[in-house]
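Structural features, examined
One-letter residues, chain by chain:
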Amino acid sequence: MTIEKFIVSADQMRQIETRIFAAGMPSAALMEKVAGLVARRIQALLKSEGRSPREEETHPPKGRRNRDEGFGYLGEESQGKDLVNSQFPVIGVLVGPGHNGGDALIVARELHFQGFPVIIYCPFSKLKELTKSHSDYGRSLNIPFFDTIEPLKNCDLFIDGLFGFGLEREIVQPISTAIDEINKLNKLVLSIDIPSGIHTDSGAVLGTAIRATHTLCLGLWKLAFLQDQALEYVGTSELIDFDIPLADIVAILGDFPAIQRITPASAIQYLPLPRSPIAHKYTNGHLLIIAGSARYSGAAILSALGARASGVGMLSIAVPISMKPMLSSQLPEALVIGCPETSSGAIKDLPVGIDLGIYDAIAAGPGLTLEAAITVESVLESDRPLVLDADGLNILAQLGTVPILSERSALTIITPHPGEFQRLFPELADKMDSRITATQQAAQLTGAVVLLKGARVCICFDDEGDSLGDSYASRTITYLNPESTPALARGGSGDVLTGLLGGLMAGAIARKSCPKSVVKTAVWWHARGGMMAAKERTELGVDAFTLTEYLIPALREFY
């Protein structure tokens, strides 16, 4: 069982640590172990930048490497000139009064022993006992300590150990001023566990916060790392595993935690690969996409291309009748259904006599416009599993989200962005500070699978226990996608996701596997395709059509 899937709140992390200490692990020993791992990781990152002092005693400094190869760039001010006192960086260490400060002091000590010039900022007169011991020892080594930030302004990088997980109060002066000054320096900053000033659970900024370049999260991922509002402060992040016993994690979170990070292994598990040697088109699902209008004709094509990548056995696309020739030429394998249209080129209604029961699933909404209200009402009234997106959601909001969805007997997946979410659930507008809480409550209100788009997609649904075993009562399951790219912040990206998700869902239903399980697969796959495209083409080069061309290549390393 991988620890990468686990996510904890501040309270859950405290409970896990309490179990560790109750079992006999000395607090001092754990701090030494964790901080030692952090110090070694920092040294490895600096070494990848060609900035290890012991190496530079015998080797001249090499050119800077790009951010993908290590710590990141050092900023324009540090490039092309000698560093203070040496050819390697002067490190400023920000020390708080608690155990996060103790971690920082051990890191400072170890870097000092490795030959790095270290300067410590510690503006607190009262420290926890263990932290004070490390402070006293640091002073005995003649490491400079200061209670103002001014002497550290010429440092080349900073290690942030002011406040760890569990901070609840706003940061006030003089600490807030010091943090603001560090942020203005535009230097590389590495935070230990979580950037100081970020709320562990909501990701909210508590007055002010360190803008880290890189964050080393300790032990288990904290909720803040999956909250959009914290991402600008977290920078790049990685987990420092210090061997928390799995029994202690499971004792607090359970074998199947209610909130999980999507991991590659958990996403790949529900891909329709490898196929059965006796598979045929009907066993791979039949999806109906209802999309497009004269104004938004591309939405139907993009949705269909997303579905094509899913490997769905049969694909039907309902579009305004005037668009039928274009769709047929773009997707020759699809069954294109021409629908009666309004004077402005939107779908007026589905064709008379169409039997929705022949489809395993329906995906509706991209590019429809609000004129397609009758069509959306028809699919909502059907007994077919449904993915609803874009204008399908706007029409649903007009009809009444909660009463309509709570009465649907079939599986419904809604995929709003934050603006659509607030139109669908105006009663939850004041909950949007925590995207996770808002999405959970929306799922509870409607019985639908709610996929809230954003930098860290949040998926929530009520589970009656059938997929989890009899040991679990009904509860709300939450999946969070930990990786994506801002390259996907373009029109049409969501249309691709709708088709991809619809195709995977139709296939899962045809194979009689759990259709809810493929939602996280679609989100992970969509993001992975975007990241691969961005790596090759930069974040500016990933239009929605290009994204569709990277969906299959994104899976090659796994198959």
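This is a predicted model, so every value here is computed, not measured.

**Some thoughts on the packing of aromatic side chains**
Evaluation of the coordinates by the stated rule reveals 5 aromatic pairs. Ring plane angle 85 degrees and centroid distance 6.0 Å describe the contact between F124 and F163, whose orientation is recorded as edge-to-face. Here F124 is found in the loop between β3 (118-121) and α5 (129-140), whereas its partner F163 is found in the loop between β5 (157-161) and α6 (175-185), with 39 residues between them in sequence. Ring geometry for F461 versus Y479: centroids 6.3 Å apart, planes at 35 degrees, classification tilted. In this pair, F461 sits in strand β18 (residues 458-463) while Y479 sits in strand β19 (residues 475-480), placing the two residues 18 residues apart along the sequence. With relative accessibility at 8%, the residue Y479 sits in the buried group. A cation over a ring is seen here: R139 above F145, with NZ or CZ 4.1 Å from the ring centre.

**What about the pattern of salt bridges?**
Applying the stated criterion across every chain yields a total of 16 salt bridges. The shortest N-O distance in the salt bridge between E110 and R109 comes to 2.8 Å. Ionic pairing is found between K453 and D389, a salt bridge with its closest N-O pair at 3.1 Å. Remark: D389 occurs in the loop between β15 (386-388) and α13 (391-399) and K453 occurs in the loop between β17 (449-452) and β18; sequence separation between them is 64 residues. Here K453 and D389 have matching classes, each one buried. Among the charged side chains, a salt-bridge network with shared partners connects E150, K153, E181 and K184.

**Thoughts on the sheet that holds strand β14 (residues 361-364)**
Pairing is mixed across the open sheet formed by 10 strands, whose spatial order is β10-β19-β18-β17-β16-β15-β14-β11-β12-β13. Single-partner strands in this sheet number two, and they are β10 (259-261) and β13 (335-339). Direction aside, neighbouring strands of the sheet carry axes that sit 15 degrees apart on average.

**Quick word on the side chain of T375**
Turning to its location among the elements, T375 is positioned in helix α12 (residues 373-381). Looking at T375, the relative accessible area reads 1%, which means it is buried. Excluding anything up to four places from it in sequence, T375 contacts I290, I347, K348, D349 and L350.

**Considerations on the pairing of β19**
For β19, the buried fraction is high: 6 of the 6 residues fall into the buried class. Sheet topology note: the β18/β19 ladder contains 6 bridges and is antiparallel. Residue pairing for β19: D463 is matched across the bridge by R475.

**Comments concerning the environment of H526**
Of note, H526 is situated in helix α18 (residues 517-537). Relative accessible area serves as the criterion here: at 8%, H526 is assigned to the buried category. Between the alpha carbons of H526 and C514 there is a distance of 20 Å; along the sequence they are 12 residues apart. When near neighbours in sequence (up to four residues on either side) are disregarded, H526 contacts L488, S493, V496, L497, L500, L547 and L551.

**Comments concerning the nonpolar core**
With 99 residues, the main nonpolar core has I120 and I290 as its most contacted residues. Considering every element that reaches this core, the biggest residue donor is helix α2 (residues 27-48), with 9 residues. The contact partners of I290, leaving out residues within four places of it in the chain, are A318, I347, L350, I362, A363, A364, G365, P366, L368, T375 and V379. Membership of the second largest hydrophobic core comes to 59 residues, among which are I301, V312, L500 and L555.

Parameters at a glance
- Residues numbered from 1 in each chain as written.
- Predicted model: local features only at pLDDT ≥ 70, side-chain atom pairs only at ≥ 80, totals over all residues.
- Heavy atoms only, no water.
- Phe/Tyr/Trp six-rings, centres within 6.5 Å; stacked < 30°, edge-to-face > 60°.
- Helix = DSSP H or I, 4+ residues; strand = E, 2+ residues; numbered from the N terminus.
- Buried < 20%, exposed > 50% of the residue type's maximum accessible area, 1.4 Å probe, protein only.
- Lys NZ or Arg CZ within 6 Å of the ring centre and 35° of its normal.
- Salt bridge = Lys/Arg side-chain N within 4 Å of Asp/Glu carboxyl O.
- Pairing = 2+ DSSP bridges.
- Axes fitted to C-alpha atoms, helices over the stretch in contact; angles between N-to-C directions.
- Contact = heavy atoms within 4.5 Å.
- Core = buried A, V, L, I, M, F, W, Y, C linked by side-chain atoms within 4.5 Å.

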